[in-house]
Amino acid sequence: MTVPTLPPVLNLESMPLLAAMPMGALVLDDRQGILATNQAFLDLLGYSPGQVVGRVFDDLTLTDHADALTGLLESSHGECLRLDVRFANRRGGDLMASVAFSRFVAPGQSAPRLLAMIVRHAESCADPRQETRADEAQAFAQVGTWELDLATGQVLTSRNWYDIWGFCPERPVTLDRCLQRIDSRDRDQVIAALARLSETESSFQLRFRIQRPDGRMRWLESTGRLEPDGAGLAGRLYGSVLDITSRCEAEQALARYADIVSASPDRIAFVDRGCWIKAANAAFLDAVGRANEQVIDHSFRDICGDGELPDLLYRHLSRCLDHGQSVIDDIRETHHNGDMREAEVRLFPHRDDQGSVTGIVIYIRDVTVIREAQRRLLQSAAVYAATSEGVLITDGAGVIVAVNAAFTRITGYAESDVLGRKPNILNSQWHSPAFFVGMWRRVLRHGSWQGEIWNRRKDGEIYRQKLTIRRVQDARGTLINLVGVFAEPGVTMGAPRRAEHLLHYDALTKLPNRLLFESRLEHALELCHRHEAPLALFLVDLDRFSHLNASLGHQIGDELLRVVALRLREAIRPADTLARLRADQFGLLFEAISQAEEASEIARRLHATLRAPIRARGHEVFVTASIGVAVEIGLKADRNAMIAQAEAALRQVKRQGRNAFRMTVIESADAADEHRHLLELLRTGLKKNEYRLLYRPQVDLETGICQGGEACIHWESSELGPVPAERFLPLANESGFIYELGHWALATACRQLQVWLSQGLPVCSLAIPVAEAQVMRGDLLPVLERLLIAHPAAATLLELGFSELLLQKHPEQIAQVFNGLHRMGIGIALNDAGSGWVAPAVLRRLPVRVVTIHSSFIESLPDSSDDLAVVQAIIAMAQALDLDIRADGVRTDPQRLLLLNIGCRQAQGDLFGGPLPAAQIERRFGAPPEPVPQPAFEN
């Protein structure tokens, strides 16, 4: 049990506490010389002050204790020692006493000193006043003394001992009661220490925890030893106990603090007033490349060399040490790998218990990444504030967190109006829910969406804008922000362009008006005449709109017209023209349609688009439409004739009850004569052997090896010369001649395939398109059976291609044909995928082997994100159904690489060569294609 050191704030040389102690006490210097004593010591041994002060401690004893006291003075761990000392009594004889020595360092001093207190001697003083003073001194020092009778187990203690342990002074204390109060984690070590003390007559010093009656856990430190026989007190243990709870808590906190500092990735060091390093953490040592013993007690400049860090420290020494101020500044350092790094340096004055600055704590943190991010943030903020485009930022839940000044200028909403709300505050209600579902699905799946959208300003005005939405993710891929950037169309238009816009566009729907529509119609007629392609004009009237407008009000009527305009726009291609011609009439212009039947499909699609209910200002409205269609085939009609024919068709629909469409085909007399003559040449050409099959190479996109071909019909008329397929195939389909022409192509392809196989050529497949007439006549399967009897080897490599539209128009007939072909071992390809839409459930029931993506979706890749989305959807569907995928119309190498990356392995198109005669494509089978020269510029 340890006698405590006095608190370091007390000045022992002032003597008040020393004089108040009831037991004899001395103060020794680091050479064991006596600096001071108290009257109790002088009275005990009969000395005067002059006979004690200035002498060496061992001068007063009959035994040598110099080595033990030297060890205590030099110790950096233990601060207490208890010795049995035999003093020389000035009155004669000697005095056996137990003396407790405590090591301490006085304030302002560096040399240690010792406090010696006589805690027990053979001739105890029975003066009750001295016992009272002893109790007071022990209470002040939070120390208690104890004696244990080994024979009876009784414990005799000082009064303060009871306060430390929490026992009642009126009840006797036994060893068993003390052991029960000791924490179970420490009890065994205390019992073992007492056993060793009884057997070996050694002393002990240990720490343990006790549980006081009030529930508090306290840490105690106790020392003890066996009473020597020479004192006549054998069979008894004695010692002292000290409450060290505060010290243990401080030590634990200090240990945790040391662990935190050591584990910090930032460099930390402490220098004294002379800039000598007194402490440093692991990060600092790693940075200077030295061990701890090579750094401590060395000059900071010697360790860190010349550079910005030492210059910063020495430049601010006066500010930190003399004025007690902290310093924060940035420096630039060269990393060991040669990179330039930025660091933030903080200098903190360190003060002792008296408030004096004793040194500087140096904290160095690498802020290269932070500073770069701050610079980028400032740049982004400057662009964000200065840009003329509106910027809206939401959090991951879609709640607006920031907008810029341009947003306010364009929308009319101030920042305070929109913060905490969602972007649907701008919703014009012109778009269907499916539009927004598709938008957000693309943002979340692909990271961005770009397109045009109709929004509403704060004043209620509807306007169209080009909007880009991008998602922002953190390093773990978590969505943290959505950023929308938009500009109002026409913001930068000058006065002439603004006037032109007002002249040609409808103010309500923002669509082209009748003037611009008729101008575009004239231009379209000129182009169609030049390219010999049909043209379709649609007039769409809303049924009974005047009644709706009168009953619900003009505001709801206007809203209804806006929604109808938006739905029609979404139902047509971007290249098609949509205009508002008058109150409830819209005009649509479709160029380069394939045939009159396509115009009927468009009309049915428009009816389906308008069939869904429309919500306008809280009202649910159902509308129908009457549609008049004029299709120009003879290429001789003018603008007025086209409009007149469409209006006549529209009037017939209204007379017959509305909610339908009627189509008029315009053919001039000259066009009809030309049509009949061309049809005659088509039929006679087959008898004159003017037709032959050419073959388009089909290649593997990864290896470039030609694996097969697609048969194409080539017509070289003796009268007209070579005739493009785009000109004669529609006529053959319309007239039914495609039936004979298609069967001729089948027979020729089977014969050629049999020849290739007999020659051992590595051809994998030969694809042949099948026309609708061949399917509807009902004899396709018998014809193929006869052909395969004559050419049996062709069955497994023959692949018949069917348009996706045929599956929609004739599902039952197609199912029968497909099953028959499958039984014969003939492959089936679904051509022009994407031009219509066949449900995956239908494909799953049919024995389709290959899906061919329509060339119209390939030609705009990789620039068109919309077409890319369609291609990806087709590929995903085909992969899910375990179908092969082939792309048609590949022209460039970027298209090839993109298709290969998204899962398409086969393709055909200009990149791999145009249609070739049989003799030329034979040399291509099993070999990579020859490079096709690319034009320097493409329109």
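See the structure printed just above.
Computed from a predicted model, the values in this text were never measured in an experiment. (Residues numbered from 1 in each chain as written. Predicted model: local features only at pLDDT ≥ 70, side-chain atom pairs only at ≥ 80, totals over all residues. Heavy atoms only, no water.)

A. Just the overall build of the protein, in detail. If you tally the helices and strands in the protein, you get 34 helices and 37 strands. Out of the 939 residues in the protein, the part that is buried amounts to 45%. The long-range fraction of contacts in the protein, counting pairs at least 24 apart against all pairs at least 6 apart in sequence, stands at 55%. Working note: accessible area of the protein is about 47800 Å², and carbon and sulfur atoms make up 51% of it. (Helix = DSSP H or I, 4+ residues; strand = E, 2+ residues; numbered from the N terminus. Buried < 20%, exposed > 50% of the residue type's maximum accessible area, 1.4 Å probe, protein only. Contact = heavy atoms within 4.5 Å. Areas by Shrake-Rupley, 256 points an atom, 1.4 Å probe, with all protein chains shown as cover.)

B. Quick look at the packing of helix α27 (residues 780-790) against helix α29 (residues 811-824). In the contact formed by α27 and α29, the axes pass within 10 Å of each other and the chain directions differ by 15°. By the angle between their directions, the pair α27 and α29 is classed as roughly parallel. Like other packed secondary-structure pairs, α27 and α29 cross with a definite hand, here right-handed. Where α27 abuts α29, its residues L780, L781, L784, E785 and L788 lie against Q816, V817, G820, L821 and M824. Of the residues belonging to the contact of α27 with α29, the class tally is seven nonpolar, two polar and one charged. (Axes fitted to C-alpha atoms, helices over the stretch in contact; angles between N-to-C directions. Parallel < 35°, antiparallel > 145°, perpendicular 65-115°, else oblique. Left-handed = near helix turned anticlockwise from the far one by under 90°. Nonpolar A, V, L, I, M, F, W, Y, C, P; charged D, E, K, R; others polar.)

C. Quick look at unusual backbone geometry. Although it is not a glycine, C275 adopts a positive phi angle of roughly 65°. Its location among the elements puts C275 in the loop between β12 (267-272) and β13 (277-280). Phi is positive for R658, close to 70°, though the residue is something other than glycine. For R658, the location among the structural elements is in the loop between α22 (639-655) and β28 (661-666).

D. How the structure looks around helix α25 (residues 738-758). With 21 residues, α25 extends 30 Å between its outermost C-alpha atoms, agreeing within 8% with the 30 Å of an ideal straight helix rising 1.5 Å per residue. G760 occupies a position one or two residues after α25 and carries a positive phi of about 75°. (Expected span 1.5 Å × (residues − 1).)

E. Inspection of the packing of aromatic side chains at higher detail. A complete count under the given rule lists 18 aromatic pairs for this structure. Here the aromatic rings of Y691 and W715 are separated by 5.7 Å at their centres, their planes lie at 25°, and the arrangement is stacked. Of this pair, Y691 sits in strand β29 (residues 691-700) while W715 sits in strand β30 (residues 706-717); the two residues are 24 residues apart in sequence, bridging distant segments of the chain. We classify Y691 as buried; its relative accessible area is 6%. A relative accessible area of 0% places W715 in the buried class. (Phe/Tyr/Trp six-rings, centres within 6.5 Å; stacked < 30°, edge-to-face > 60°.)

F. Structural context of the environment of G239. In this structure, G239 sits in strand β11 (residues 236-243). Look at G239 and you get buried, because its relative accessible area is 3%. Taking the C-alpha atoms as reference, G239 lies 9.4 Å from F204; in sequence the two are 35 residues apart.

G. Expanded view of the pairing of strand β7 (residues 154-157). Note that strand β6 (residues 143-149) and β7 share three bridges and pair antiparallel. Counted as the bridge partner of L148 is V155 from β7. Turn length for the β6-β7 hairpin, with the two strands adjacent in sequence and antiparallel, is four residues, and the turn residue G153 shows positive phi of about 80°. Here two bridges tie β7 to strand β8 (residues 173-174), and the two strands are oriented antiparallel to one another. Counted as the bridge partner of V155 is V173 from β8. (Pairing = 2+ DSSP bridges.)

H. The arrangement of the pairing of strand β36 (residues 884-888) in detail. Among the five residues of β36, four are classified as buried, and the element is accordingly described as predominantly covered. Taken together, β36, helix α33 (residues 893-901) and strand β37 (residues 906-908) form a β-α-β motif whose crossover is right-handed. (Right-handed = clockwise from strand over helix to strand, strands pointing away.)

I. Seen up close, the pattern of salt bridges. Counted under the stated rule, the structure contains 31 salt bridges. Close ionic contact of D700 with R905 constitutes a salt bridge, the shortest N to O distance being 3.3 Å. Here the residue D700 occupies a position in strand β29, and R905 occupies one in the loop between α33 and β37, the gap between them amounting to 205 residues. Shared partners join several salt bridges into a network, and the residues in it are R212, D214 and R216. (Salt bridge = Lys/Arg side-chain N within 4 Å of Asp/Glu carboxyl O.)

J. Expanded view of helix α19 (residues 545-552). If you check which residues of α19 are buried, you get F545, L548 and N549. One side of α19 holds all its buried residues, which, seen down the axis, span an arc of 100°. Exposed side chains of α19 directed beyond 90 degrees from the buried face belong to S546, H547 and A550. In this fold, the buried residues of α19 make contact with β22 (535-542), α20 (554-571) and β26 (619-621). Positioned one or two residues after α19, G553 has a phi angle of 105°, which is positive. (Arc of directions from axis to C-beta.)

K. Quick peek at the packing of α20 against helix α21 (residues 596-611). The contact between α20 and α21 brings their axes to 10 Å, and the two run at 140°. Judged by the inter-axis angle, α20 sits oblique to α21. Crossing of α20 over α21 shows right-handed handedness. Facing V564, R567, L568 and A571 of α20, the residues of α21 in contact are R605, L606, T609 and L610. Residues of the contact of α20 with α21, tallied by class, amount to five nonpolar, one polar and two charged.

L. Seen up close, the environment of K422. Mapped onto the elements of the fold, K422 is located in the loop between α15 (415-418) and α16 (433-446). Placed 24 residues apart in sequence, K422 and G398 show a C-alpha to C-alpha distance of 6.1 Å. Here K422 is in contact with A397, G398, V399 and I400, once residues within four sequence places are set aside.

M. Summary view of the nonpolar core. One finds L784, L800, F802 and L821 to be the most contacted residues of the largest nonpolar core, which totals 85 residues. Counting residues per element, this core draws most heavily on α25, at nine residues. With 33 residues, the next largest nonpolar core counts L548, V563, F586 and V621 among its residues. (Core = buried A, V, L, I, M, F, W, Y, C linked by side-chain atoms within 4.5 Å.)

N. Spotlight on the sheet that holds β6. Pairing within the open sheet is antiparallel, and its six strands lie in the order β8-β7-β6-β11-β10-β9. Either end of the sheet is taken by a strand with one partner, and the two such strands are β8 and β9 (204-211). Pairing of β9 with strand β10 (residues 217-226), which is carried by eight bridges, proceeds in the antiparallel orientation. Note on β10: the bridge partner recorded for F208 is L220.

O. Here's a closer look at the side chain of Q698. Examined against the element boundaries, Q698 turns out to sit in strand β29. Its relative accessible area of 4% is what places Q698 among the buried residues. A distance of 2.8 Å separates the side chain of Q698 from the side chain of Q908, its partner in a polar contact. Non-local contacts of Q698, meaning those with residues more than four positions away in its chain, are made with I705, C706, Q707, G708, G709, E710, S765, A767, R886, A907 and Q908. (Polar contact = N/O pair within 3.5 Å; in protein donor to acceptor, adjacent residues only side chain to side chain.)

P. Main features of the state of the cysteines. One pass over the full model with this rule turns up zero disulfides. Left unpaired, C706 is separated from the closest cysteine sulfur, that of C764, by 8.9 Å. (Disulfide = S-S within 2.5 Å.)

Q. Spatial organisation of the sheet that holds strand β19 (residues 448-456). Strands sit in the order β18-β17-β21-β20-β19 across an open sheet of five strands; the sheet is antiparallel. The open sheet has two free edges, formed respectively by β18 (400-403) and β19, since each of these has just one partner strand. Within this sheet the neighbouring strands show an average axis-to-axis angle of 25°, counted without direction. Across eight bridges, strand β20 (residues 462-473) lies against strand β21 (residues 479-487) in antiparallel orientation. Bridging from a neighbouring strand, Q473 pairs with L479 of β21. Here α16 sits on the sheet and contacts β19, β20 and β21; the angle it forms with β19, its principal contact strand, is near 150°.

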